Every structure is written in C-alpha cells, then in structure tokens.
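# Residue-level structural notes
Residue-level listing of the chains:
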Amino acid sequence: MNNLISMRDLKRAEIESILDFAARIEQGDVRPDLTGKLAALLFAEPSTRTHFSFDTAMKRMGGQTLSMSGTSSTSLQKGESLADTLKTISMYADLIVLRSAVEGSARFASEVVDIPVINAGDGANQHPTQALLDLYSIIKTQGRLDGLSIALVGDLKFGRTAHSLVQALSEFSPRFFFISPQHLALPSYLLEDLREAGVPYQELTSLDGIVPDLDIMYVTRVQRERFVDPEEYERVKNSYVITPAVLEGAQPTLRVLHPLPRVNEVSTAVDRTTHAYYFQQAANGVPVRQAILAKLLGTEGTK
Ligand code: CP
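The rules behind each value
- Residues numbered from 1 in each chain as written.
- Predicted model: local features only at pLDDT ≥ 70, side-chain atom pairs only at ≥ 80, totals over all residues.
- Heavy atoms only, no water.
- Helix = DSSP H or I, 4+ residues; strand = E, 2+ residues; numbered from the N terminus.
- Contact = heavy atoms within 4.5 Å.
- Buried < 20%, exposed > 50% of the residue type's maximum accessible area, 1.4 Å probe, protein only.
- Pairing = 2+ DSSP bridges.
- Right-handed = clockwise from strand over helix to strand, strands pointing away.
- Axes fitted to C-alpha atoms, helices over the stretch in contact; angles between N-to-C directions.
- Parallel < 35°, antiparallel > 145°, perpendicular 65-115°, else oblique.
- Left-handed = near helix turned anticlockwise from the far one by under 90°.
- Nonpolar A, V, L, I, M, F, W, Y, C, P; charged D, E, K, R; others polar.

### Overview of the environment of R24
Its place among the elements puts R24 in helix α1 (residues 12-26). Along the sequence, R24 and P287 sit 263 residues apart, while their C-alpha atoms lie 8.8 Å from each other. With near-sequence residues (within four places) excluded, R24 lies in contact with D29 and V30.

As structure tokens, then:
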C-alpha cells in the first residue's frame, strides 16, 4: 500500500491486515515509532474528527504534524496551482492527508507527489479511512464482519462515507438495505458493482418492518454543502430522524453508527440507549488511523 485513496483499491486481506494492526496498537501489543516523521494535514473542507484524530494518531506515535484548515492563509489564494502547492508541501513532509471538496483530488495528489497520500474525503466521492474505522467498529460490536444485515440510512447520493463503506463491506458477504429519499439514492455505479459481485440489497424509502432484521444501522447526515438548490435541501433534510421509538423491536445487539457530525437525524435520546455507538466509533478513528499512518510510513514497529 503506497497511498490510501479509495476503498475500491483494497481487497479483503489488506483490509483485515489494517484492522488487525489497529487492534494490536489499541491493545498495546505493538507500538509503532514515528519519531522524526512529519504528516501534512491539509484540510480544505471543515473537519473535527478526521483532522484531530489524524493529529492525535501521529502524536501518539511520536510523530509531528503540519496543519492547514481552509485555504485562506495559503498561496492558493494568490493563484498557485494545487499541484505546485502539493509538490512544495511534499518537500517538507513525509506524508500528506488531504481533504477537499473536489472529487478525485486525492488521486490527483498521489500522482503529483512522491510521498504517500491519504484521502481524508474528496467531495461526495470517497472517505476510505472512515470506512476502515467503521469496519473496526462493526467488528468490535458484532464480533465479525461476515454475513451481517446492514441498513444505510439518509443521504446515500452525496454521503462519501456511505460510498466507501458499501465498497468495503462488499468483501464480507453483507445483506444491504439502502434507505433514502429517491433523489438521494446510492449512485448507480455502486449498485452495478454490487449486482456484479452478487451482493444482495434492497432500496427502500422507509425503515418500516426492517429494524428487527438489522445488525447495524448506519445513519448519515443529509449533506447540505453538496446541494445546488437550497430549497431541495430543505425538502429532504428531515427525511429520517432516528428516535428510541424507531428502534423498538431491534435486536439487543443492534448498533447505530454515524460518521458524525449529526444534525438532527439521530435524536440525542438515542445516545442513552444501548444501541448508540457513534462516539465510540469516533474514538476508534485513532488506532485505525495510527495503523494506516504506520503502514504507509513503513514503521509498523514491535513491542
Ligand atoms: N466523519 C467525519 O469525517 O467527520 P469530520 O468531518 O468531522 O472529519
């Protein structure tokens, strides 16, 4: 693995290797040492979890970070190209973590620099490190990845975390339920991939009748920033609100995941149920990102 750009690039064995490494890091069985390594955290779009957990992950392994939050203080504002900016930063850092509103930007970055690039979210396309921490969270809560019933609920059109997670889980014989308003359905290229792989799925507009069947309910925010028409956002923003009443009849082992941030699609009353797992999920981002950074920087380490 030289870069982490898309879940489409990772096969089951590579995914399992990262997740196993993350578990060993979290358990203290292995301590990668990134002393002397510098990661450039370039976030052109807002972020709380991804930015701070990458920062935490580097520092927990003795490494250091350069941070950019927004482009307003960079020479991009003077008309410098993204390619020149990335090439310059690659002269200072050992690895780039990039978030951008532009789909394909991380792939582009990986083609113009000679250091590893991690995609921390490119527009509505991909968010592979989120998918890996989502898988890690699913293993922790269900004890396995294979053969689970998983509903993805909300904005499946613009939700990059949903796109990456669908691709990641496809390696593990899932049964999918895709719950969204018709205009926010999962992109057809992902559905085609599922059909080709023989992965069963149902597209629905309501959770009615399926909650008792689920192992995982993965809820996503309607991505306001991707809508061209604000009125369309207003029409769909409250399509699904998960409350304790919605979860009645669920298996005790059902866990509600959400990449966060949430707006109001998961009621805070759900936080007090045993089904809520989204804050622990965010915490799982640290060992998973430690594992990714250590692998890409070639310093997996031993105890
Ligand atoms: N899940 C996620 O990507 O959150 P942030 O936008 O806060 O990084």
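Still to come is the rest of the account.
### With respect to the pairing of strand β8 (residues 216-219)
With burial as the criterion, each face of β8 is covered, one bearing I216 and Y218 and the other bearing M217 and V219. Where strand β5 (residues 149-153) and β8 come together, four bridges link them in parallel fashion. Note on β8: the bridge partner recorded for I150 is I216. Two elements, β8 and strand β9 (residues 255-257), share three bridges in a ladder whose sense is parallel. Residue pairing across strands places Y218 opposite L257, the latter belonging to β9. After leaving β8, the chain enters helix α8 (residues 230-236) and then returns to the sheet as β9, a path that is right-handed.

### With respect to the sheet that holds β9
Taken in spatial order, the five strands line up as β7-β6-β5-β8-β9 in an open sheet, and their pairing is parallel. Bordering the open sheet on either side are β7 (201-204) and β9, each of which pairs with just one other strand. Strand-to-strand twist in this sheet, taken as the mean axis angle between neighbours without regard to direction, amounts to 15°.

### Examining unusual backbone geometry
In the segment running from L260 into P261, the intervening peptide bond is cis, with an omega of 5°. Topologically, P261 is positioned in the loop between β9 and α9 (278-296). A positive phi angle, near 45°, is found at S173, a position not held by glycine. Inspection of the secondary structure puts S173 in the loop between α6 (160-169) and β6 (175-179). According to the relative accessible area criterion, S173 is exposed, its value standing at 52%. A positive phi is found at L260, a non-glycine position, where the angle reads about 60°. Here L260 is to be found in the loop between β9 and α9. Here L260 falls in the buried class, since its relative accessible area comes to 12%.

### Brief notes about the packing of α1 against helix α5 (residues 128-142)
Running from N to C, α1 and α5 point in directions that differ by 65°, and their axes come no closer than 10 Å. When the interaxial angle is binned, α1 and α5 end up roughly perpendicular. For the pair α1 and α5, the sense of crossing is right-handed. Residues I15, I18, L19, A22, A23 and E26 of α1 touch α5, and the partners they reach there are L132, L135, Y136, I139 and K140. Its residues assigned to classes, the contact of α1 with α5 shows nine nonpolar, no polar and two charged.

### Here's the deal with the sheet that holds strand β2 (residues 64-69)
Pairing is parallel across the open sheet formed by four strands, whose spatial order is β2-β1-β3-β4. Of all strands in the sheet, those with a lone pairing partner are β2 and β4 (117-122), marking the two edges. The average undirected angle you get between the axes of adjacent strands in this sheet is 10°. As judged from the six bridges shared by strand β1 (residues 38-43) and β2, these two strands associate in the parallel manner. Looking across to β2, one finds that L41 is bridged to S67.

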